[in-house]
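Architecture and fold: a report
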Amino acid sequence: MAFVITSPCKGEQAGECVDVCPVDCIEKGPDQFYIDPEVCIDCGACVSVCPVDAIVEEYEMTPEQEPYLEKAEKYFGHM
C-alpha cells in the first residue's frame, strides 16, 4: 500500500511533503504533487505535514479519490 495525494493539493501545492519524505518518492507534477506508489514505503511522514490534508492511505480512499492513484501511476509511468 502507498499514500495518495488527492484534490486539495491542486489548489495548494505547498510542498512540505517533499521535504519530509525519506525515500524521495514525491514529485511536483503539472497540477499537483504525486507520490510514486512503487517507491512509497508507507511511513506516513508526509501526512502529518500536509497543510490541506490532501494525503490519504490507498486503502482508505473514497471512490471519488481513486482517480488520484491512477493519475500518480500514470505520472510515474506505471500504467
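Each residue is numbered by its place in its chain's sequence as written, counting from 1. Residue-level local features of this predicted model are given only where pLDDT is at least 70; pairs of side-chain atoms are given and counted only at 80 or more, and the full residue set underlies all totals for whole chains, interfaces and linings. Each side-chain value is derived from all of the structure's non-hydrogen atoms; neither hydrogens nor water enter the calculation.

Structural notes on empty space enclosed by the protein
Any residue with an atom within 4 Å of a point lines the site, the site being either a cavity, points on a 1 Å grid over the protein atoms alone where a 1.4 Å probe fits but cannot get out, or a pocket, an open set with protein on both sides within 12 Å along at least 5 of 7 lines. Grid points are joined across faces, edges and corners, and a volume is the space filled by probe spheres set on the points. One pass over the full model with this rule turns up 3 cavities of 30 Å³ or more. In this structure, the largest cavity spans a volume of roughly 90 Å³. Cys9, Ala14, Gly15, Cys17 and Cys50 are the residues nearest the centre of the largest cavity, which is lined by 14 residues in total. Numbering of helices and strands runs from the N terminus; a helix is a DSSP stretch of H or I covering at least four residues, while a strand is a stretch of E covering at least two. The set of elements that each furnish at least two residues to the lining of the largest cavity consists of helix 1 (8-12) and helix 2 (16-20).

What to know about helix 4 (residues 66-75)
For every residue, the accessible area obtained with a 1.4 Å probe (protein chains only) is divided by the maximum for its type, and the residue is called buried under 20%, exposed over 50%, and partly exposed between those limits. Regarding helix 4, the residues found buried are Tyr68, Leu69 and Ala72. The arc that holds the buried residues of helix 4, viewed along the axis, is 105°, so those residues lie on one side. Throughout, a contact is declared for two residues whenever any of their heavy atoms are within 4.5 Å. Those residues of helix 4 hidden inside the fold are in contact with strand 1 (3-5), helix 1 and strand 3 (33-35). Phi for Gly77, located one or two positions after helix 4, is positive at around 75°. Relevant arc is that of directions from the helix axis to the C-beta atoms, nothing else.

Some points on the side chain of Gln32
By the element assignment, Gln32 lies in the loop between strand 2 (26-28) and strand 3. At 3.5 Å, the side chain of Gln32 forms a polar contact with the side chain of Lys71. Ignoring sequence-local partners within four residues, the contact set of Gln32 consists of Ile5, Thr6, Cys9, Lys10, Gln13, Glu27, Tyr68 and Lys71. Here a polar contact means two N or O atoms within 3.5 Å. Within protein one must be a hydrogen donor candidate and the other an acceptor candidate, and residues neighboring in sequence count only if both atoms are side-chain atoms.

Regarding the state of the cysteines
Among covalent bonds in proteins, the disulfide is the one between the sulfur atoms of two cysteines. Any cysteine sulfur atom paired with another within 2.5 Å is treated as part of a disulfide. Summed over all chains, the structure comprises 0 disulfides. With no disulfide of its own, Cys9 lies closest to Cys17 among cysteine sulfurs, the gap being 6.4 Å.

Topic: the environment of His78
Within the secondary structure, His78 is located in the segment after helix 4. Given a relative accessible area of 30%, His78 falls into the partly exposed group. Excluding anything up to four places from it in sequence, His78 contacts Asp36, Pro37, Glu38 and Glu73. Here Asp36 takes part through its side chain, which lies 2.7 Å from a polar atom of the side chain of His78.

Some points on the packing of aromatic side chains
Only Phe, Tyr and Trp rings are paired, with Trp represented by its six-membered ring, and only when their centres lie within 6.5 Å; those with planes under 30 degrees apart are stacked, over 60 edge-to-face, the remainder tilted. What the rule picks out here adds up to 2 aromatic pairs. When the centroid spacing of 4.8 Å and the interplanar angle of 15° are considered together, the rings of Tyr34 and Tyr75 count as stacked. Of the two residues, Tyr34 is situated in strand 3 and Tyr75 in helix 4; the sequence distance between them amounts to 41 residues. Measuring from ring centre to ring centre gives 5.0 Å for Tyr75 and Phe76, while their planes differ by 90°; the resulting arrangement is edge-to-face. Within the aromatic cluster, the residues linked to one another by ring pairs are Tyr34, Tyr75 and Phe76.

These results come straight from atomic positions and should not be treated as a statement about function.
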